[in-house]
Amino acid sequence: MSPQARRILAMWRGPVFVWAILVLLTVATFAAADSSLGIVTKTAIHFAVVAMQVVLIGVFFMNLRTSRPLLRLAAVAGLYWLAIMFVLTFNDYASRPSSSPCGQPAFSDANVGQCESPVR
Amino acid sequence: MSDVALLREPWPNLERQRYAASFGIWTFLATELLFFGGLFLSYAVYRSLHPEAFRVASHETAIAYGTTNTLILLTSSLIMTIAERAAVEGLRRLTITCLLVTAALGTAFLVVKGFEYAEDISKGLLPGPDFPLRPASTQLFWGLYWIMTGVHAIHLTVGIGVVLVLTALISRATIPLQTPASEVISLYWHLVDVIWVTLYALLYLPGRK
């Protein structure tokens, strides 16, 4: 094998390995969705798989493994602001008093046709 | 090609230029993440308020198309990674081939998505007065489905366009093979992939068995 062919082979090896894991994770999350597991377990599996896929793509395909600290910081900054947005919004929704006689969150399906629409 | 040919104003050296290009695209990707983040947040809030409606609505998504597209896009990310590395190594033919395959896989994704949209429309899954699913809040899911997958498809179309432009410029030797644009476009492509794997879990998986 020529040195160039060896170089090209080495170039493919790592990314193909990561791609194979990504495909296996997709198959695993699909299988979990079609299984008889509980909805909470399934949801946890789906989110865990997404998190693993995002990390694999970020670290290996997007080169964060070898990037400088500033680039890693820029990559994490988006997630950080996203986390703030989620935490603040869910703080709001989770802390709203249930104003319906059904004891359900405002505008939930359980209220339809049974409860007054609360003033928000 | 020499480093001088790659160097652009105002950068004092090529390393600094590459660093700035990477930082610029990562900053842009962070804003893109927040853009999609607003949609993810809307999804999360409405799903927490209407869990059963979202399960019923998600059951109607065409998971075969969704899974096929996930595999297509993951493969395109692999090929794009190889294209970027081949460009760094100075392997011209491999770079061009991989860029073309990446664009072809992106196009295949859009074709599959087209078939999926046609099936969704034939089932009447466009939110409106004659929406076939109950409860009415299933329309929230389908509204988000159309917006999120539509915006993603626009991003992918832009990605295909820039990959093809880069391919043309490299093959005509208008820009050097080791241009920082390769990494910039590659990172954008991977973000489109990251968004899709998230959409796959949110839209296609919750309503199964």
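Remember, it's a predicted structure, so these values are computed and weren't measured experimentally.

### Focus on the overall build of chain A
When helices and strands are tallied, chain A shows three helices and zero strands. Helices and strands in chain A line up, N terminus first, as α-α-α. Relative to its full complement of 120 residues, chain A shows a buried share of 30%. By sequence separation, contacts in chain A at least 24 residues apart represent 33% of the contacts at least 6 residues apart. For chain A, the accessible area works out to roughly 7,500 Å², and carbon and sulfur atoms hold 71% of it.

### Regarding the overall build of chain B
On a plain count of helices and strands, chain B comes out with seven helices and zero strands. Taken from N to C terminus, the helices and strands of chain B fall in the order α-α-α-α-α-α-α. Viewed in the frame of its principal axes, chain B has a C-alpha envelope of about 65 × 30 × 25 Å. Across chain B, contacts joining residues at least 24 apart in sequence account for 79% of those joining residues at least 6 apart. On chain B, roughly 8,400 Å² of surface is accessible, and the fraction owed to carbon and sulfur atoms is 68%. The averaged location of the 14 negative side-chain charges in chain B is 3 Å from the averaged location of its 14 positive side-chain charges.

### As for the pattern of salt bridges
Where charged atoms from two side chains of opposite charge approach closely, those side chains can pair. All names here are of chain B. Per the stated rule, a full pass over the model turns up seven salt bridges over all chains. The closest approach of N and O atoms between Glu52 and Arg55, which form a salt bridge, is 2.9 Å. Taken together, the residues Glu52 and Arg55, both in helix α3 (residues 51-59) and three residues apart, mark about one turn of the helix. With relative accessibility at 43%, the residue Glu52 sits in the partly exposed group. The partner of Lys113 in a salt bridge is Glu116, and the shortest N-O contact between them spans 2.9 Å. Of the two residues, Lys113 and Glu116 both sit in helix α5 (residues 92-122), three residues apart, roughly one turn of that helix. Glu116 matches Lys113 in its accessibility class, with the two residues each being buried. Connected via shared salt-bridge partners are Glu60, Glu119 and Lys123.

### Describing the domain arrangement of chain A
Structurally, chain A comprises domain 1 (1-62) and domain 2 (68-95). A separation of 24 Å is found between the C-alpha centroids of domain 1 of chain A and domain 2 of chain A.

### Topic: helix α4 (residues 63-89) of chain B
Residue and element names in this part refer to chain B. In this model, α4 (27 residues) spans 39 Å end to end at C-alpha, consistent with the 39 Å of a helix rising 1.5 Å per residue. Counted residue by residue, α4 has 19 buried out of 27 residues, so it is predominantly covered. Among the residues trailing α4, Gly90 stands out with phi positive, at a value near 80°.

### Things to note about the interface of chain B and chain A
Interface size is commonly expressed as the accessible area that is lost once the parts come together. The interface of chain B with chain A comprises 55 residues on the first partner and 49 residues on the second. Contact between chain B and chain A buries roughly 4,700 Å² in total, counting both sides, with carbon and sulfur atoms accounting for 75%. At the surface where chain B touches chain A, the tally comes to two salt bridges. Here B:Glu15 and A:Arg68 are joined by a salt bridge, their closest N and O atoms 2.6 Å apart. On inspection of chain B and its partner chain A, the count reaches six residue pairs in polar contact (both at pLDDT 80 or more).

### Digging into the packing of aromatic side chains
Inspection of every chain in the model, using the stated rule, returns 18 aromatic pairs over all chains. Both rings, one in B:Trp142 and one in B:Tyr145, keep their centres 4.5 Å apart while their planes meet at 55°; by these two values the pair is tilted. Of the two residues, B:Trp142 and B:Tyr145 both sit in helix α6 (residues 138-171), three residues apart, roughly one turn of that helix. Given the relative accessible area of 0%, B:Trp142 is considered buried. Its relative accessible area of 0% is what places B:Tyr145 among the buried residues. In this structure an aromatic cluster arises from ring pairing among B:Tyr43, B:Phe54, B:Phe109, B:Tyr117, B:Phe141, B:Trp142, B:Tyr145, B:Trp146, B:Trp196, B:Tyr200 and B:Tyr204. Residue placement shows A:Arg68 over the ring face of B:Tyr19; its charged tip is 3.8 Å from the ring centre. In this structure, A:Arg96 is placed above the aromatic ring of A:Tyr93, and the distance from its NZ or CZ to the ring centre is 4.5 Å.

### As for unusual backbone geometry
Trans peptide bonds make up the majority, and among non-glycine residues the majority have a negative phi. Following B:Glu9, the chain continues to B:Pro10 via a peptide bond in cis, the omega torsion being 0°. Structurally, the position occupied by B:Pro10 is in the loop between α1 (3-6) and α2 (14-49). Residue B:Arg134 is joined to B:Pro135 through a cis peptide bond whose omega torsion reads 0°. Looking at the element boundaries, B:Pro135 is found in the loop between α5 and α6. Of note in this structure, A:Asn63 is not a glycine but carries a positive phi near 65°.

Rules used in this analysis
- Residues numbered from 1 in each chain as written.
- Chains lettered and ligands numbered in written order.
- Predicted model: local features only at pLDDT ≥ 70, side-chain atom pairs only at ≥ 80, totals over all residues.
- Heavy atoms only, no water.
- Helix = DSSP H or I, 4+ residues; strand = E, 2+ residues; numbered from the N terminus.
- Buried < 20%, exposed > 50% of the residue type's maximum accessible area, 1.4 Å probe, protein only.
- Contact = heavy atoms within 4.5 Å.
- Areas by Shrake-Rupley, 256 points an atom, 1.4 Å probe, with all protein chains shown as cover.
- Lys, Arg positive; Asp, Glu negative; His and termini not counted.
- Charge placed at Lys NZ, Arg CZ, Asp CG, Glu CD.
- Salt bridge = Lys/Arg side-chain N within 4 Å of Asp/Glu carboxyl O.
- Domains from an automatic or database assignment.
- Expected span 1.5 Å × (residues − 1).
- Buried area = accessible area lost by both parts, 1.4 Å probe.
- Polar contact = N/O pair within 3.5 Å; in protein donor to acceptor, adjacent residues only side chain to side chain.
- Phe/Tyr/Trp six-rings, centres within 6.5 Å; stacked < 30°, edge-to-face > 60°.
- Lys NZ or Arg CZ within 6 Å of the ring centre and 35° of its normal.

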